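Listed below are the residues making up each chain.
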Amino acid sequence: MNSKIVTIFFIALSLMLLLSVGGSFWDGSFDLLLHDSGSWKFPKTLFVFWLGMSPSGILLSAFLLIMKVKIHRRTSLLLELSSFCSLAVSFFYVLLYGNSLAMNCNVYSIGIVGFISLLYFVTHLIAADSAEDLTLCRELAKIRRPLAWIILPTVFWVVSAFGLDFARVENPLWQGAFFPLYLVACAFYLGLAIAVALLLFENYFNRLIERLLVLCSWFMSLMFLWIILLRGEGCFTSFVFCCLVPQLLFIDAVRENVWGRLFVVMSILFGVLLKCDYLVNSNDLLFFSNANFADVSLILAGTMLFVSLFLGVRFLLSRFFENDEILIGEVDSSSDSSDGEVPDENEKKNYPSFSAPEFKVVRLPILCGVLAAVTYGYFTSDWINLAGPFGAYVSCLLVCLQPFVRLGFFRKRRGGRK
Amino acid sequence: MSMFANAVACLLCLFFAALLWNQRGMLRTALVMFVVVMTSCLYTSFVGNFTVATLDNYPFRMLALTLCVFTTGLRENRRRFMVLAQAFWLWVELVGCVSLFQTGAEAPWLRLAAIAEIGLGCCFMVRISKEIEFGLIVLWMAVWMFF
């Protein structure tokens, strides 16, 4: 852990929060912070931002695992943890500003994604814990990729449904087939940006993730231009912060400097925040023209909560994160052979259809999940919002039960032999 | 979009896939994919009429078709990536269909069903021979052109 950066960042955040709360007395916006009148739109912007960030870590971790891109175990654990912290921050805004956040949002599907992400995270933690029972670790490591196979489409489903619903109810400008694709791309981009930031706190960096971040910034630029072509308008300020500033990573001095990388990541996060504001208000410059200290306080309060939660849980679980490995400086994908997991010896084998080890783990749970989803859809007629996540929930539960059932049988048989 | 423009888009996708086959390494492949999306966006903007809602995701459909054709040339994990590419195409089409359905327009559900069926069929393949590769590409082109 890079305690110097963490301390400086934490103190700077605290001071800025104090200053902005003080400033809100000065400009008379303190009342907005205290009373949830329902007319203040900024909490909604922040809610959309943190809610959008919540699936990004888990999405990236699951995607890289499925694509067999090797990243360090610590990196993926940090990404997964950041997802829960973001979800907690968005929940914090709901608690404080429920009236201002009156929007159509399927709480159950978000809850299901949160739950299956938690299952994935806990499985990953225990599977990597060298102090635990080795047989259990091996069994849990076997279900990680099958879980990722279920989580990835579920997150795609939930984000798409949220995007379609948001466009239909909140802002018709975004109605169309393009918006859900855009949201998922944003989630990927946020995941990469947050990964670079979290690795900074850990005092190491991953070249592969940085390169992917730059590539993703190009794709985001294309999407931005596509919006301009389609709708004739777009958020230009967000384009500058989100897509142009990350090109600074081409400069050695910025790329090799901790503060340079932190600046780029902060710029991306701010750019996405501006994009969320544009989604809510449909006005490019409203964020700057209506800015007051209450807005700044609310941003900083959310960030403080995220950082505190993240670091708190990180320190609590440091045994799992650090394990028995020592990391100094750069970690590249090529050097990553020991990420604390059971190596997949059968990776190069060619299996007949439907007989790969992963598929054997996942086939019965998926079948049960599909049946559950169809039954749910048939009885409730809700095929778009909750049928898919409900099926995924059943599948994930069944996948997670498998190692324990297998271990139970194994131990019983061994006991019988004695 | 006219039938001719649609056919040219399909040919473009084949050309993009051929470009991707020649790349080595994830980053170079991603770089070419960026060029693919950019060209697809430009092509759609030149040829298409943006008042038609079905063109919203046209460049991403082109990307999906390119990826599907590209996976036939992979050496390792071909079935896995083939299914993944078709799942991506299915997702793009599904989102498009639902958004069209919400606005009250007619959605191409048949195309969705065709992609899902081919994707499911790919899961059953054990050894993918040259003939099957060719057959798959023809099937995808048929789905693109006629559904």
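Residues numbered from 1 in each chain as written. Chains lettered and ligands numbered in written order. Predicted model: local features only at pLDDT ≥ 70, side-chain atom pairs only at ≥ 80, totals over all residues.

A.B. asks: When you look at the overall build of chain B in this model, what are you seeing that I'm missing?
C.D. replies: Within chain B one finds six helices and zero strands. Ordered by position from the N terminus, the helices and strands of chain B form the series α-α-α-α-α-α. Here the C-alpha radius of gyration of chain B, 15 Å, is about what a compact globule of 147 residues would show, namely 15 Å. Taken along the three principal axes of its C-alpha coordinates, chain B extends 45 × 30 × 25 Å. Counting across all 147 residues of chain B, residues that qualify as buried make up 33%. Put simply, of all contacts in chain B between residues at least 6 apart along the chain, 65% involve residues at least 24 apart. (Helix = DSSP H or I, 4+ residues; strand = E, 2+ residues; numbered from the N terminus. Rg over C-alpha atoms; globule rule 2.2 N^0.38 Å. Buried ≥ 20, exposed ≤ 12 C-beta atoms within 10 Å, placed from the backbone. Contact = placed C-beta atoms within 7 Å.)

A.B. asks: Help me out: how do you make sense of the overall build of chain A in this one?
C.D. replies: Along chain A, the regular secondary structure elements total 18 helices and two strands. Put simply, chain A has 418 residues, and 43% of those count as buried. Considering only contacts within chain A whose residues lie at least 6 apart along the sequence, 79% involve residues at least 24 apart.

A.B. asks: Can you help me understand the interface of chain A and chain B in this one?
C.D. replies: Interfaces are often sized by the amount of accessible area the parts lose when they come together. Each partner contributes to the interface: chain A provides 23 residues, whereas chain B provides 27 residues. The set of elements that each furnish at least two residues to the side of chain A that touches chain B consists of α8 (144-169), α9 (178-201) and α10 (207-231) of chain A. For the side of chain A that touches chain B, the element with the most residues is α10 of chain A, which contributes nine residues. Each residue belonging to the side of chain A that touches chain B can be placed in one class, and the counts come to 17 nonpolar, four polar and two charged. (Nonpolar A, V, L, I, M, F, W, Y, C, P; charged D, E, K, R; others polar.)

A.B. asks: Explain α10 of chain A here, please?
C.D. replies: Residues three or four positions apart in an α-helix share a direction because the helix packs 3.6 residues into each turn. Here α10 of chain A spans 36 Å end to end across 25 residues, near enough to the 36 Å set by a 1.5 Å rise per residue. Of all the positions in α10 of chain A, only Leu208, Ile209, Leu212, Leu213, Cys216, Ser217, Met220, Met223 and Trp226 of chain A are classed as buried. Its buried side turned inward, α10 of chain A meets α9 and α11 (236-244) of chain A together with α2 (26-47) and α3 (58-71) of chain B. Gly232 of chain A occupies a position one or two residues after α10 of chain A and carries a positive phi of about 80°. (Expected span 1.5 Å × (residues − 1).)

A.B. asks: Please explain the packing of α9 of chain A against helix α13 (residues 258-281) of chain A as it appears in this structure.
C.D. replies: Each pair of packed helices can be described by the angle between their axes along with the distance between the axes. Residues and elements named next belong to chain A. Between α9 and α13, the least distance of the axes is 9 Å, while the angle of their chain directions is 150°. In terms of axis orientation, α9 runs roughly antiparallel to α13. At the point where α9 passes α13, the crossing takes the left-handed sense. Residues Cys186, Leu190, Ala193, Val196, Ala197 and Leu200 of α9 lie in contact with α13, whose contacting residues are Val258, Arg261, Leu262, Val265, Ile268, Leu269 and Val272. Here the contact of α9 with α13 is built from residues that sort into twelve nonpolar, no polar and one charged. (Axes fitted to C-alpha atoms, helices over the stretch in contact; angles between N-to-C directions. Parallel < 35°, antiparallel > 145°, perpendicular 65-115°, else oblique. Left-handed = near helix turned anticlockwise from the far one by under 90°.)

A.B. asks: Hey, could you run me through the nonpolar core in this one?
C.D. replies: Soluble globular proteins tend to pack their nonpolar side chains together in the buried interior. Counting 154 residues, the largest nonpolar core has Ile151, Val155, Leu192, Ala193 and Ala195 of chain A together with Ala64 and Leu65 of chain B as its most contacted members. Discounting residues that sit within four places of it in the chain, Val155 of chain A has contacts with Pro55, Ile58, Leu59 and Val113 of chain A. (Core = buried A, V, L, I, M, F, W, Y, C linked by C-beta atoms within 7 Å.)

A.B. asks: Can you help me understand the packing of α8 of chain A against helix α17 (residues 357-380) of chain A in this one?
C.D. replies: Residue and element names in this part refer to chain A. Put simply, α8 and α17 touch, their axes get as near as 9 Å, and they point 55° apart. It follows that α8 is oblique to α17 by the angle criterion. When you trace α8 past α17, the crossing you get is right-handed. On α17, the residues touching Arg145, Pro146 and Trp149 of α8 are Glu358, Val361 and Val362. Along the lines of polarity and charge, the residues of the contact of α8 with α17 split into four nonpolar, no polar and two charged.

A.B. asks: Would you take a moment to explain the environment of Gly119 of chain B for this structure?
C.D. replies: Residues and elements named next belong to chain B. Its place among the elements puts Gly119 in helix α5 (residues 109-123). As for Gly119 and Val83, which are separated by 36 residues in sequence, their C-alpha atoms are 5.7 Å apart. If sequence neighbours within four positions are ignored, Gly119 has contacts with Val83, Gln86, Ala87 and Leu90.

A.B. asks: Quick question: what am I supposed to make of the environment of Ala167 of chain A here?
C.D. replies: All names here are of chain A. Of note, Ala167 is situated in helix α8. Assessed through the 22 C-beta atoms surrounding it within 10 Å, Ala167 is described here as buried. When the C-alpha atoms of Ala167 and Leu279 are compared, they prove to be 9.2 Å apart, with 112 residues separating the residues in sequence.

A.B. asks: Would you mind showing me how to read the confidence of the model for chain A here?
C.D. replies: Any residue range with low pLDDT should be treated as having predicted coordinates unsuitable for detailed reading. Overall, the prediction assigns chain A a mean pLDDT of 82, with 89% of residues at 70 or greater. For the stretch residues 328-342 of chain A, pLDDT sits under 50, and the model shows 32 contacts to residues farther than four places along the chain or on other chains. (pLDDT = per-residue confidence, 0-100.)

A.B. asks: Sorry, what's going on with unusual backbone geometry here?
C.D. replies: Trans peptide bonds make up most of the peptide bonds, and negative phi angles are found at most residues other than glycine. Even without being glycine, Lys68 of chain A reaches a positive phi, approximately 60°. Examined against the element boundaries, Lys68 of chain A turns out to sit in the loop between α4 (56-66) and α5 (73-96).

A.B. asks: In this structure, what is going on with the environment of Met82 of chain B? I would like to understand it.
C.D. replies: Residues and elements named next belong to chain B. Relative to the helices and strands, Met82 is located in helix α4 (residues 78-103). C-alpha separation for the pair Met82 and Phe50, spaced 32 residues apart in sequence, amounts to 31 Å. What Met82 contacts, discounting residues up to four positions off in sequence, is Thr71 and Cys122.

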